[in-house]
Amino acid sequence: MKKIIQIFLLAIAILGQNSLSAQEPTALNLEFVCELKVTTDKGMAVGTTAHGKRRIVPITGGTFEGPKIKGVVLNGGADYQFVNEENTRTEIEAIYNLKTDDGVLIHIRNVGVIHKTKEQAEAIKKGEPVDANKIYFRAVPTFNAPMNSKYDWLNNAIFISKGISSGGKGYVTIQVWKVL
């Protein structure tokens, strides 16, 4: 038994020298998937709930295009949001559907966070312009594509996205990358 424990400890020591934890961390690579222009209707305020101020923003359509995918955003989805009291942090959960240019339906659920400074929030409230690229708007989209389609690859990867508000012009731009 003592010999087995010694062999086991030696194996752990050898494996530990070759494990990923002994290597320097490296950044993950990203591959651009597509850019969506999602049109929205005026948001509806549910009011303050046990989780915060609830807002629902109807998704009315739009388009998307990337190197391997292109089509339209279908009417009927929504972005379900919780907004903090200062209007500086918004938790988002957008649920909607895409239709590719070759007729394939794809369901998407995009969960993330929008964070802006108090100054940015005040400027937006007053209708003043704010540089959308300086607002933190990130999310993790999950796709549900038919397994027997050429879009099955969407089911088998992690994606991240960057949102860019249009400043009240009725749409939002979502840029999507696959984490490699």
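Values in this document were obtained by computation on a predicted structure and should not be read as measured data. (Residues numbered from 1 in each chain as written. Predicted model: local features only at pLDDT ≥ 70, side-chain atom pairs only at ≥ 80, totals over all residues. Heavy atoms only, no water.)

Undergrad: Please clarify how the nonpolar core should be interpreted in this entry.
TA: The tendency in soluble globular proteins is for nonpolar side chains to be buried as a group. Counting residues in hydrophobic clusters, the biggest one holds 28 residues, and the most contacted among them are L36, Y96, L98, I106 and L154. Secondary-structure elements contributing two or more residues to this core are β1 (30-40), β3 (52-65), β6 (89-100), β7 (105-115), β8 (136-144) and β10 (171-179). Beyond its immediate stretch of four places on either side in the chain, L154 contacts I69, I106, F143, A145 and F159. (Core = buried A, V, L, I, M, F, W, Y, C linked by side-chain atoms within 4.5 Å. Buried < 20%, exposed > 50% of the residue type's maximum accessible area, 1.4 Å probe, protein only. Helix = DSSP H or I, 4+ residues; strand = E, 2+ residues; numbered from the N terminus. Contact = heavy atoms within 4.5 Å.)

Undergrad: What exactly am I supposed to notice about the packing of aromatic side chains here?
TA: Geometry of an aromatic ring pair is reported as the spacing of the ring centres plus the angle between the planes. This structure, assessed with the given rule, holds three aromatic pairs. Arranged with centres 6.1 Å apart and planes meeting at 70°, the rings of F32 and W177 form a pair that is edge-to-face. In this pair, F32 is assigned in strand β1 and W177 in strand β10, connecting sequence segments 145 residues apart. For the ring pair W153 and F159, a centre distance of 6.4 Å and an interplane angle of 55° mean the geometry is tilted. Here W153 matches F159 in class, with each residue buried. Taken together, the aromatic side chains of F143, W153 and F159 make up a single cluster linked through ring pairs. Over the face of the ring belonging to W153 we find K68, whose NZ or CZ atom lies 4.5 Å from the ring centre. Above the face of the Y136 ring, R138 is positioned so that its terminal group lies 5.0 Å from the ring centre. (Phe/Tyr/Trp six-rings, centres within 6.5 Å; stacked < 30°, edge-to-face > 60°. Lys NZ or Arg CZ within 6 Å of the ring centre and 35° of its normal.)

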